Amino acid sequence: MISKYNTQEKKILHFSVNACLTPVCMLHGAAVTTVEGIGSTRTSIHPVQERIAKAHGSQCGFCTPGMVMSMYTLLRNNPAPSTAQLQQCLAGNLCRCTGYRPIVDAFRTFCTASTCCQRRGPEESCHRGKAEQDGIMAESKDSDQDMCSQLFKTDDLLPLDETQELIFPPELMLMEERREERTLVFRGERMMWIIPANLEELLELKSQYPKAPLLVGNTNIGPNMKFKGAFYPVIIHPANVSELHSVQFTEEGLRLGAACSLGHVKNILEKATAEITSEKTEIFRALVGQLCVLGGEQIRNMASLGGNIVSGAPTSDLNPILAASKCVLELASKGGRREIHLDENFFVGFAKTSLRPEELLLSVFIPYSRKWQFVLAFRQAPRRQNAFSTVNAGMQVVFKDETNVITDLRMFFGGVGPTTVFAKRCSKELTNRSWDENLLRQTCELLLDDISLPDSAPGGSVQFRRTLTISFFYKFYLQVWQRLQQLLGKEDPFGANIPERLCSATIPFSIELPRGFQSFQKVFSDQFSGDGVGQPVMHLSAIKHATGEAVYCDDIPRQDGELVLALVTSTQAHAKIVSIDASKALQLPGVFDIITTQDIPGKNIGMDEILCESEVTCVGHIICGIVADNQRHAKMAAAAVKISYEDLEPLILTLEDAIQHKSFYAHFKLGNGNVDAAFEKADQQVEGQIHIGGQEHFYMETHSILVVPKNEDREVEVVCSTQDPNFTQSLVAETLGIPYNRVTVRVKRIGGSFGGKVRKASRIAAIAAVAAHKTGRSVRCILERGEDMLISGGRHPTLGRYKVGYMSDGRIIAVEVSCYTNGGNELDYSLTVMQQILSMLDSGYHIPHVCLNGFVCKTNLPSNTAFRAFGQPQAIAITESWITDVATKCGLSAEKVREMNLYRGEEACTPYKQIFDSRNQLNCWNECLQMASYHNRKISVEEFNKLNCWKKRGISIVPLRKSVGFSESIFNQAGALLHVYEDGSVLLTHGGIELGQGLHTKILQIASHELKIPRSAIHLSETSTEKVPNTTPTAASFGTDLNGMAVKDACQSLLQRLQPFMDENPKGTWNDWVKEALNNKVSLSTTGFFKGEDVSIDWEKGEGTIASYFVFGAACSEVEIDCLTGDHKNIRTDIVIDAGQSINPAVDIGQIEGAFTQGLGLFTMEELKYSPKGVLYTRGPTQYKIPAVCDIPEQLNVSLLPRSQNPKAIYSSKGISEAAVLAGCSVLYAIKDAIAAAREEIGLTGNFTLNSPSTPERIRMACIDQFTEMVPDCVPESIPWAIVV
Ligand SMILES: Cc1cc2nc3c(=O)[nH]c(=O)nc-3n(C[C@H](O)[C@H](O)[C@H](O)COP(=O)(O)OP(=O)(O)OC[C@H]3O[C@@H](n4cnc5c(N)ncnc54)[C@H](O)[C@@H]3O)c2cc1C
Ligand code: FES
């Protein structure tokens, strides 16, 4: 948070900002408050920190300080905010773990109009109260005495006390008040930063340094410097030029200083629209609409109006409106001032305007509108908030008074070319025309002429973008029609009211904060007091996450002489390395050395090559590394390494390429029954296919490694964000050619991983270890987001082609599926992922005859790897595709076909002959139907769809079944180590890693339960190969199952040793027994071990056991789509999961919500884009969108199935960390249901393919209508900008 004293208003203003976009020179005169400053465990914690922790709003904790500071800033500005303000406040913060609901619940307790009964005391939770108010729970197990819905208590929460807040430093206030007009200059190694004293000096500087940018908010310059290599020796920062910050209302309109921040502009315009007659504020309202969703609050707090205009970005959301409504720009230079219209002549090329080099934009004049003038703005983006528009538009029409005759029509579009584009012909040809029925088609045709995009235009999605331009116009057309009707009354040229069914096109989606209820089973009454098992215990590190005290790898202080490693990666997808020239790089300042394959003392091979030897097989293939004294120097040198290549053939990128070249790592088969005979017997057959795109892990903490060589006995210590310290240890040792016992791998906690830190982290650790070995110094390697995304791969893109034989009543009797996964250039976990896909392709359904083929494709993409739920989300998406197709063919509802084909009974049998008890599958299904009021809501959805032509709703319920644990038996083992000290305190270590999933919290609950001592007496420090060796990866939802049992074993061994002393002194305390044991020379260090079940499938025979048990569930989602833009809104999701007897319902529900949100991202919005040469375009949060708070269903209800037992895991619990990723699939099929309703409007009733993710583009293009039909297809020979891999 930045605080500044405003001398004019005599007020202290607080802003949340992005630290990475805030150069230190910008902070002159500002107070900076960080999360560490507002509270700490050593002093006292702030209520914001306390509430996010206690409400379970922190999992891995990496995003938590950001969340805390956003909320803290909101409260400093407004101690009793509204929920709308809370929504805005969180829009710019991302969390990959929680699914946002608990964060929102935590912070909602500060809101004024909160209906949150968290305030009412411990008996009721707000979720329950709200849910009851809404009648959500009417049909659920409301009165079930065994169930509970309170995840945190509010009666003991710290109150917010404004008087206790940090004060603004008085010396800064004085400094500001006594500020003289003085130029400030900051000089750095290569740059000079000048803050001019006044306008005159600014203009002088601009003439002296015409190439120097005017840095205001740095939201454009900053990313250009960081990502595009822009460099400016001189920067001018006009913070003290009052003319640039002035706000002036005149007779004609509003004049805004160009340096006004967008947040400030939004506030001014909002106030004006509330106070000034609506006729005059058409333009203001259109601007406010865009400003509400432009960036997040942190961006709007910094970004300036002038910067947005002058940046000339083709996706600017403001320029189209400002241009359409003829706003005036006041320009100034040393030579004088001039005024120009912001119009089609202002933008002269990509990021170029007609401003002269020595000129600057002084102010922007926004005129008042008048009667008979209508201004509207539109935008469609990959995410509703905090995402650049795919296409946007500003449209203005002016009519001759009292008529529908157009005197001026101006339409500007963004996202359809290198600049904001003016629809010139439209404007010319439609002037003097009437706004009537005949106008629509002609305008669309003219628009398509005006807005022409070549088939291979940068950004791709050419047809979608063109369709959007005319769809936006249609929305404009209808809204203007509505407004004309209101104004003209009887004279209305249309002669009739706009049909109700069309009105849905004119109503934008609102963004609501998510809410919902969570229910779980109460714990047994026979627990000893203090026993936390079954209780919603807060994450062990939650408070430390919230105060910023939790230590991650990169928080470890710099070591003496430490070097930083930057990786050099291939720019070609398939090529021979001809030469590596590092001569220039090695001469750069701070550079220490280059690390190549020649430096590897041991083996350059683990599972795959550590450093590429001679042939690169993907863009991002790691070739060598540079070590330097700091990150900047290392990066600059890495970029200066020249590698020449010789391209090799073939280049295989897509699944289609791989199929064509038969480029497969492996082919697996599973089958059951007699498929051919069953197809003969089936009444009908259907064929289809679905492609499921890949997914980036997007853990908040990127790959992070610190290697410290001990320089004695070749020992090395590796601190690494790895899920698999054992593998990291072995790979480092093999690469260095030393025994495993010389390598210690330590992990305290990880800022999220989701499968992405099993294999890849170890390879980077091995390279860093080679660098440490060569230089004899500590080496740190922290990947930047872009390179992490480029190098590390993700979820396997998958293609499923299927043929299904079914009876006319919906019974499916035969299924044949061929599945292809894009494994990338190395094997990694691709074989196991395919095995998981095949083994779960039956999902929740019993199909008597199946034939499943799985092909793991070898391509020239970075190798894909483990990802939460390990192929099973792809499997369910394929299965539900053929289920939906059968239902459509049979004329039955999808849920009927699902229900009749569900596994049933105690002895259900999978295609590979694993017998399992499937009864909870049906129980979850029935519970979910009831909890979601499915049947009633389906009727409501149908009614809604009858009444609305351009908005459609869809609802879908799907069964979930997820295998738990490793299918390789060797992984099903775990160890633990327990020390009891003289004072009775216990130090516990186990082989699992705390990834944010609450493993350590559950382990602590288990140890406390076993030893019958309070959790506070037990400490978990870190995971280390030194303490517990030969660990297995923390993955497959199996962490608690394995390590919990090992810890239980260690505790029981210890108790056995204490037993004699307990028997001797039954009334004694824990400390008494411990002392007695020590007096009697009894060792109080024990190890624990767990040998898990042997599971495996014999792939030759196609028989075996994939997992020791399954998690069952069901998820029901309802969505609404905007058929004209492809936007969709998640209305409600209900999830029922069979978590057995939950050890910690807060952690489990958190995992379910978080996993569901990740599934929602996978199936609806996260889209990786590759160039036809195999270059990943989507390398950061700007291009790759994970769900934000605006994407969560407005209502998200989670229930843990009551009375479920699981004899196969500790305390009858189940590992549920991954299962709910599959629940995201319910949203995909709800969207498909809605699209089907849209297609019905034009008589299209058959099956259609909806690939995943169902992005706005896919939704829009599937809703075929008169507008999609007007846009021609791309020519087949054209090379698209991006390819589907
Ligand atoms: C994460 C993120 C999300 C965003 N989302 C959106 C979005 O959804 N929609 C959207 O429209 N934009 C979006 N933006 C872009 C943002 O609005 C612009 O970057 C911002 O308005 C630029 O203003 P600034 O003050 O930060 O400019 P700076 O970065 O400081 O400067 C940008 C350029 O403008 C020039 N300049 C600035 N002021 C003047 C002036 N008065 N006279 C002459 N030249 C000047 C500078 O010389 C420089 O060349 C986003 C940006 C980020 C980083
Ligand atoms: S808790 Fe939010 S990213 Fe992990």
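Keep in mind that what you see is a predicted model, and the values were worked out from it rather than measured.

1. Considering the UniProt feature "binding site: [2Fe-2S] cluster 1" (unreviewed entry) in the protein
Alright, step 1. Per the UniProt annotation, the sites labelled "binding site: [2Fe-2S] cluster 1" (unreviewed entry) are Cys 20.
Alright, step 2. Mapped onto the fold, Cys 20 is located in the loop between strand 2 (11–15) and strand 3 (31–32).
Alright, step 3. Take Cys 20: its relative accessible area is 65%, and that puts it in the exposed class.

2. As for the packing of aromatic side chains
Alright, step 1. Summed over the entire model, instances satisfying the criterion amount to 30 aromatic pairs.
Alright, step 2. Seen from their ring centres, Trp 950 and Phe 1267 are 6.1 Å apart, and the 45° between their planes marks the pair as tilted. Note that Trp 950 is positioned in the loop between helix 31 (934–947) and strand 37 (951–964) and Phe 1267 in helix 38 (residues 1266–1270), a separation of 317 residues in sequence. Comparing Trp 950 with Phe 1267, the two get one shared label, buried.
Alright, step 3. Here the aromatic residues Phe 374, Phe 399, Trp 435, Phe 473, Tyr 474, Phe 476, Tyr 477, Trp 481, Trp 950 and Phe 1267 are joined through ring pairs into a cluster of three or more.
Alright, step 4. Note that Lys 280 overlies the ring of Tyr 368, its terminal NZ or CZ placed 4.5 Å from the centroid.
Alright, step 5. Cation over ring: Arg 953 sits above Phe 944, and NZ or CZ is 4.0 Å from the ring centre.

3. Quick word on helix 2 (residues 47–54)
Alright, step 1. Summarising burial for helix 2: seven of the eight residues are buried, a large majority.
Alright, step 2. Residues Pro 47, Val 48, Gln 49, Glu 50, Arg 51, Ile 52 and Ala 53 constitute the buried set of helix 2.
Alright, step 3. Contact partners of the buried residues in helix 2: helix 1 (35–38), helix 3 (64–77), helix 5 (101–108) and helix 19 (542–547).
Alright, step 4. One or two steps after helix 2, the chain reaches His 56, where phi turns positive at roughly 65°.

4. Notes on the UniProt feature "binding site: [2Fe-2S] cluster 2" (unreviewed entry) in the protein
Alright, step 1. UniProt's feature table lists "binding site: [2Fe-2S] cluster 2" (unreviewed entry) at Cys 60, Cys 63, Cys 95 and Cys 97, given in the numbering used throughout. Their sequence span is 38 residues, while the largest C-alpha to C-alpha distance among them is just 9.5 Å; these annotated residues converge on one region.
Alright, step 2. Position of Cys 60 relative to the elements: it lies in the loop between helix 2 and helix 3.
Alright, step 3. Exposure remark for Cys 60: the relative accessible area of 4% places this residue in the buried category.
Alright, step 4. Residue position: Cys 63 is located in the loop between helix 2 and helix 3.
Alright, step 5. Setting aside residues up to four positions removed in sequence, Cys 63 forms contacts with Leu 94 and Cys 95.

5. Comments concerning the sheet that holds strand 2
Alright, step 1. Strand order in this open sheet of three strands is 2-1-3, and the pairing throughout is antiparallel. On the outer flanks of this sheet lie strand 2 and strand 3, each paired with one strand and no other.
Alright, step 2. As defined by bridge partners, strand 1 (residues 2–6) adjoins strand 2 across five bridges and the pair is classed as antiparallel. Across the sheet, Lys 4 pairs through a bridge with Leu 13, a residue of strand 2.

6. As for the environment of Pro 357
Alright, step 1. Residue position: Pro 357 is located in the loop between strand 13 (352–353) and strand 14 (360–367).
Alright, step 2. The spatial distance from the C-alpha of Pro 357 to the C-alpha of Lys 206 is 7.9 Å, given a sequence separation of 151 residues.
Alright, step 3. Discounting chain neighbours no more than four positions away, the residues touching Pro 357 are Lys 206 and Pro 210.

7. So, the site of ligand 1
Alright, step 1. Around ligand 1 there are 30 residues in total, and Val 216, Gly 217, Thr 219, Ser 304 and Asp 317 lie nearest to it.
Alright, step 2. Separating an oxygen atom of ligand 1 from a backbone N or O atom of Gly 217 is a distance of 2.8 Å.
Alright, step 3. A distance of 3.4 Å separates an oxygen atom of ligand 1 from a polar atom in the backbone of Gly 295.
Alright, step 4. Notes on ligand 1: free accessible area 970 Å², of which the protein chains cover 89%.

8. Considerations on the packing of helix 10 (residues 262–275) against helix 11 (residues 282–293)
Alright, step 1. At their nearest, the axes of helix 10 and helix 11 sit 9 Å apart, and the two run at 135° to each other. One way to sum up the angle between helix 10 and helix 11 is to call them oblique. Considering the relative orientation of helix 10 and helix 11, their crossing is left-handed. In contact with Leu 262, Val 265, Lys 266, Leu 269, Glu 270, Ala 272 and Thr 273 of helix 10, helix 11 contributes Phe 284, Arg 285, Leu 287, Val 288, Leu 291 and Cys 292.
Alright, step 2. The residue inventory of the contact of helix 10 with helix 11, partitioned by class, reads nine nonpolar, one polar and three charged.

So, how was this worked out
Residues numbered from 1 in each chain as written. Chains lettered and ligands numbered in written order. Predicted model: local features only at pLDDT ≥ 70, side-chain atom pairs only at ≥ 80, totals over all residues. Heavy atoms only, no water. UniProt positions renumbered as here; feature names shortened; annotations may be inferred. Helix = DSSP H or I, 4+ residues; strand = E, 2+ residues; numbered from the N terminus. Buried < 20%, exposed > 50% of the residue type's maximum accessible area, 1.4 Å probe, protein only. Phe/Tyr/Trp six-rings, centres within 6.5 Å; stacked < 30°, edge-to-face > 60°. Lys NZ or Arg CZ within 6 Å of the ring centre and 35° of its normal. Contact = heavy atoms within 4.5 Å. Pairing = 2+ DSSP bridges. Near = heavy atom within 4 Å. Polar contact = N/O pair within 3.5 Å; in protein donor to acceptor, adjacent residues only side chain to side chain. Areas by Shrake-Rupley, 256 points an atom, 1.4 Å probe, with all protein chains shown as cover. Axes fitted to C-alpha atoms, helices over the stretch in contact; angles between N-to-C directions. Parallel < 35°, antiparallel > 145°, perpendicular 65-115°, else oblique. Left-handed = near helix turned anticlockwise from the far one by under 90°. Nonpolar A, V, L, I, M, F, W, Y, C, P; charged D, E, K, R; others polar.

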